[in-house]
Amino acid sequence: MSMRSDPPHLITVSRAFVGDWLAALALCCSQGQLQGLLRRAGLDDSGKGAAARVSLDQMVTLYQLAVAESGDEMMGLWQRPVRPRALQHLVTTVASAETLPAALYRFSTFWNLILDDVQFTLARDGGLLDLSLVPQGRAAPQRFGHLLMLKLAHGVLSWRAGYELPVDSVKFAFARPAFAADYSVVFPCPVGFDARRSAIRFETRRFEPPPPRSKSDLLAFVRRAPRDWIFTSYRAHTTSLRVREYLFRAGWSHCGLADTATEFGITPRTLIRRLAAEGASFQSIKDDLRRDIALRALREAGRSTEQIAAELGFSSAANFHRAFRRWTGATPSAFRQPVPQAPD
């Protein structure tokens, strides 16, 4: 099963990755409202909602429904609710910045007027520009809140630039979670933990003069949020994402470690070492890609479970069922129900 590129909508993250988000939602919605949101996003606790994986479509749907339901554009992630249309005002403010550093400054000052939990600071270190979250109390960092804010900074700045900006590094002021591998599909760079402050770092030499952005560009970006910025399409910084993209493009079923290493111009031992440094292995990347292809195929009409099993290289539908339960905790049939799509 070979395709030309690995689209962002194919990638999934673990259910644990959004756990802090769901916990915050539980504090600003009633139990009935929360269950309704999860059900409409395909993430309820029955059927396919028992699965351990969450797709981009599901995250976008939940985000857009939760913002409307809670009346808080940050969905309970921060002490003070963020009123509707805040994102539109933010993007409007950033749109008129003539340079990317100025756009990042406007981003930080906007949120510093709104949030009580954290304050943003900007610092230059030679050719590097750091945006940091400085806690304003002793409460433990809201992990998903910190992630969403740094990703929003990357997304809005990339929108202003007209291309996805490379990121030098990202670090978080909390311990490395068990689902740390999920961060690599959100941030196109090395991600660290146990830092003094959560921060995202850009190389200013990679900045190009930003083009004008029209009002229609702005409204489309806001209307589609967070579809255009929650997952990354950039592959240059992490070996594991480059390997995944290559396997998807070249045909994962027949590409082995030696083939992939040759494509990258390195030895298999070097590839193994680089992947291990990122907490990954060649086989785990291949297995994850196979899983995500299966999840996507099951949400599309037109093919039986038996056909999908054969396309994915399983000797029988029964073996595919067993593997799918191991991957997700659910059966393939649970994913046959269509997931509601968020409006464009």
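Nothing here was measured: the structure is a model prediction, and the numbers come from that model.

A. Layout of the overall build of the chain. When helices and strands are counted, the chain shows 13 helices and seven strands. In the chain, buried positions account for 52% of the 344 residues. In the chain, of all internal contacts separated by at least 6 residues, the share reaching a separation of at least 24 is 68%. When the accessible surface of the chain is summed, it comes to about 15300 Å², and 51% of that surface belongs to carbon and sulfur atoms.

B. Broad picture of the packing of aromatic side chains. Taken as a whole, this structure holds 21 aromatic pairs when the rule is applied. On the basis of an interplanar angle of 10° and a centroid distance of 6.2 Å, the ring pair of Phe-179 and Tyr-183 is categorised as stacked. Among the residues examined, Tyr-183 registers a relative accessible area of 2% and is labelled buried. When the ring centre of Phe-314 is taken as origin, the NZ or CZ atom of Arg-290, which lies over that ring, is 3.8 Å away.

C. Representation of the pattern of salt bridges in the model. By the definition in use, this model includes 12 salt bridges. One salt bridge in this structure joins Arg-143 and Asp-20, with 2.7 Å as the shortest N-O distance. Taken as a pair, Arg-143 in helix α6 (residues 143-161) and Asp-20 in helix α1 (residues 19-28) lie far apart in primary sequence, 123 residues in all.

D. Highlighting the nonpolar core. Within the largest apolar cluster, 82 residues are counted, with the highest numbers of intra-cluster contacts made by Phe-17, Met-59, Phe-107, Trp-111 and Leu-152. If one sorts the elements of this core by residue count, α6 sits on top with 11 residues. Leave out the neighbours within four places in its chain, and Leu-152 touches Met-74, Leu-87, Leu-90, Phe-107, Trp-111 and Trp-229. Membership of the second largest hydrophobic core comes to 28 residues, among which are Leu-289, Ala-297, Leu-312 and Phe-324.

E. Spatial organisation of a positive patch on the surface. A surface patch of positive charge is lined by Arg-242, Arg-269, Arg-273 and Arg-274. Top contributing element to the positive patch by residue count: helix α10 (residues 268-277), with three residues. Residue class for Arg-274 comes out partly exposed when judged on its relative accessible area of 40%.

F. Quick look at the confidence of the model for the chain. Looking at the chain as a whole, its pLDDT mean stands at 86, while 90% of the residues score no less than 70. Summarising per-element confidence for the chain, the mean pLDDT is lowest in helix α8 (residues 239-250) (81) and highest in helix α5 (residues 100-112) (97). Overall, residues 1-6 carries pLDDT values under 50, and its contacts beyond four positions in sequence, including any with other chains, amount to 23 contacts.

G. Fine view of the side chain of Ser-55. By secondary structure assignment, the location of Ser-55 is in strand β2 (residues 53-55). Sequence-distant contacts of Ser-55, that is, excluding residues within four places in its chain, are made with Ile-11, Thr-12 and Arg-299.

H. Examining the packing of helix α4 (residues 86-95) against α6 more closely. Contact geometry for α4 and α6: axes closest at 10 Å, N-to-C directions at 45°. Between α4 and α6, the angle is such that the two are oblique. In this structure, the crossing between α4 and α6 has a hand that is right-handed. On the side of α4, the interface is formed by Leu-87, Leu-90, Val-91, Val-94 and Ala-95, while α6 contributes Leu-152, Val-156, Trp-159 and Arg-160.

I. The arrangement of the sheet that holds strand β7 (residues 198-203) in detail. With mixed pairing, the five strands of this open sheet are ordered in space as β3-β4-β7-β5-β6. Whereas interior strands pair on both sides, the edge strands pair on one side only; in this sheet they are β3 (118-125) and β6 (191-192). Bridge analysis of β3 against strand β4 (residues 128-135) gives eight bridges, and the strand direction is antiparallel. If you follow Thr-121 over to β4, its bridge partner there is Ser-132.

Each value, and the rule that gives it
- Residues numbered from 1 in each chain as written.
- Predicted model: local features only at pLDDT ≥ 70, side-chain atom pairs only at ≥ 80, totals over all residues.
- Heavy atoms only, no water.
- Helix = DSSP H or I, 4+ residues; strand = E, 2+ residues; numbered from the N terminus.
- Buried < 20%, exposed > 50% of the residue type's maximum accessible area, 1.4 Å probe, protein only.
- Contact = heavy atoms within 4.5 Å.
- Areas by Shrake-Rupley, 256 points an atom, 1.4 Å probe, with all protein chains shown as cover.
- Phe/Tyr/Trp six-rings, centres within 6.5 Å; stacked < 30°, edge-to-face > 60°.
- Lys NZ or Arg CZ within 6 Å of the ring centre and 35° of its normal.
- Salt bridge = Lys/Arg side-chain N within 4 Å of Asp/Glu carboxyl O.
- Core = buried A, V, L, I, M, F, W, Y, C linked by side-chain atoms within 4.5 Å.
- Patch = residues over 30% accessible without salt bridge, like charges linked within 9 Å, V, L, I, M, F, W, Y side chains within 5 Å.
- Lys, Arg positive; Asp, Glu negative; His and termini not counted.
- Charge placed at Lys NZ, Arg CZ, Asp CG, Glu CD.
- pLDDT = per-residue confidence, 0-100.
- Axes fitted to C-alpha atoms, helices over the stretch in contact; angles between N-to-C directions.
- Parallel < 35°, antiparallel > 145°, perpendicular 65-115°, else oblique.
- Left-handed = near helix turned anticlockwise from the far one by under 90°.
- Pairing = 2+ DSSP bridges.

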